[in-house]
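Observations on the model geometry
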Amino acid sequence: MTDRERIKTLLNASPNGTITTEQVTSAGLHRSILQELVDSGVIYRFGRGLYVRTDAWEDDFYLLQLRYGRGIYSHDTALYLHGYSDRTPAQYTMTFPKGYNSRSLKEENILVKRVVAENYSLGVMELPSPCGNPLQVYDLERTICDILRGSGSDIQIVSTAMKKYAVSKEKDIYKLMKYAEQLRVKPKVLRYMEILL
């Protein structure tokens, strides 16, 4: 099997049409094969070390998470992924641990949030992207605390999400209050819940 056939096998084995430099070197291939495939139009470079087949359906949510593995979808973007907002985010919001910095983040259409280490992994779960790929997202209770905690969220989006949460059968008030305590937004959460419940 030639190098070109081996890399095509790797690409075809990828259900989402992506391949990384790490996968290529692990397969015993030289990275230069990637540039050959870019030049011939088989793949394109999405970011450092990440390539996508040109005929693959592009899933921005998934590709951004592959590129920034420490990023967790949060705030308005998480509301959208949970089905609590019908507005497709114009700019994706991702939360990173405090101190994480990547120069390329400034080039992306990402609204970056940073949190202290003890709050970074609080409420992380996996949800499918609109294309069905796995994403790291904060759960609904954490997302509600985040949108009430910060500024910048559209009041109409917040209000709609809170009303929907209040009537949801899946709501977990105990978890919401526990998160609200840790994230220091308990008074705001209580105010909303008193009005809605």
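What counts, and where the lines are drawn
Residues numbered from 1 in each chain as written. Predicted model: local features only at pLDDT ≥ 70, side-chain atom pairs only at ≥ 80, totals over all residues. Heavy atoms only, no water. Helix = DSSP H or I, 4+ residues; strand = E, 2+ residues; numbered from the N terminus. Buried < 20%, exposed > 50% of the residue type's maximum accessible area, 1.4 Å probe, protein only. Areas by Shrake-Rupley, 256 points an atom, 1.4 Å probe, with all protein chains shown as cover. Contact = heavy atoms within 4.5 Å. Pairing = 2+ DSSP bridges. pLDDT = per-residue confidence, 0-100. Axes fitted to C-alpha atoms, helices over the stretch in contact; angles between N-to-C directions. Phe/Tyr/Trp six-rings, centres within 6.5 Å; stacked < 30°, edge-to-face > 60°. Parallel < 35°, antiparallel > 145°, perpendicular 65-115°, else oblique. Left-handed = near helix turned anticlockwise from the far one by under 90°. Nonpolar A, V, L, I, M, F, W, Y, C, P; charged D, E, K, R; others polar.

**Re the overall build of the protein**
Along its length, the protein carries 10 helices and 8 strands. Overall size of the protein, expressed as C-alpha extent along the three principal axes, is 65 × 30 × 25 Å. A total of 197 residues make up the protein; the buried ones form 45% of that total. When the accessible surface of the protein is split by element, carbon and sulfur atoms take 49% of a total near 11100 Å².

**Structural notes on the side chain of Asn119**
Mapped onto the secondary structure, Asn119 falls in helix H6 (residues 117-120). Contacts of Asn119, omitting those with residues within four sequence positions, involve Tyr138, Arg142, Gln182 and Leu183.

**Considering the pairing of strand E2 (residues 43-47)**
Judged from the 4 bridges that link them, E2 and strand E3 (residues 50-53) form a sheet pairing that is antiparallel. The residue bridging Tyr44 from the neighbouring strand is Val52, located in E3. A loop of 2 residues connects E2 with E3, the two strands running antiparallel in sequence, and Gly49 in this loop sits at a positive phi of about 75°.

**Section: unusual backbone geometry**
Of note, His75 is a non-glycine position whose phi angle comes to about 50°, a positive value. Here His75 lies in helix H5 (residues 75-82).

**A word on the confidence of the model for the protein**
Per-residue pLDDT for the protein averages 88, and the proportion of residues at 70 or more is 98%. Per-element confidence in the protein is highest for strand E4 (residues 72-73), whose mean pLDDT is 98, and lowest for helix H1 (residues 3-13), whose mean pLDDT is 81.

**With respect to the pairing of E3**
Here E3 shows a buried face lined by Leu50 and Val52 and a second buried face lined by Tyr51 and Arg53. Note: strand E1 (residues 18-20) against E3, 3 bridges, orientation antiparallel. In the sheet register, Ile19 faces E3, and the bridge partner there is Tyr51.

**Focus: the sheet that holds E2**
Spatial ordering of the open sheet is given by E1-E3-E2, a layout of 3 strands whose pairing is antiparallel. At either margin of the open sheet sits one strand with a lone partner, and together these are E1 and E2. If you compare each strand with its neighbour and ignore which way they point, the axes differ by 35° on average. Across the sheet, H1 lies against E1, E2 and E3, angled at about 125° from E1, the strand it touches most. Running at roughly 115° to E2, helix H3 (residues 32-39) makes contact with E1, E2 and E3 of the sheet.

**A short note on the packing of aromatic side chains**
In total, this model carries 5 aromatic pairs according to the counting rule given. Where Phe61 meets Tyr73, the ring centres are 5.5 Å apart and the plane angle is 70°; that geometry is what we call edge-to-face. Here the residue Phe61 occupies a position in helix H4 (residues 60-67), and Tyr73 occupies one in strand E4, the gap between them amounting to 12 residues. Accessibility classification places Phe61 together with Tyr73 in one group, the buried group.

**Brief notes about the packing of helix H7 (residues 140-149) against helix H9 (residues 173-182)**
Contact geometry of H7 with H9 gives a least axis separation of 9 Å together with a crossing angle of 45°. Between H7 and H9, the angle falls in the class oblique. Judged by the sense of rotation from one axis to the other, the crossing of H7 with H9 is right-handed. Contact residues: H7 offers Glu141, Arg142, Ile144 and Cys145, while H9 offers Lys175, Leu176, Tyr179 and Ala180. Here the contact of H7 with H9 is composed, by residue class, of 5 nonpolar, no polar and 3 charged.

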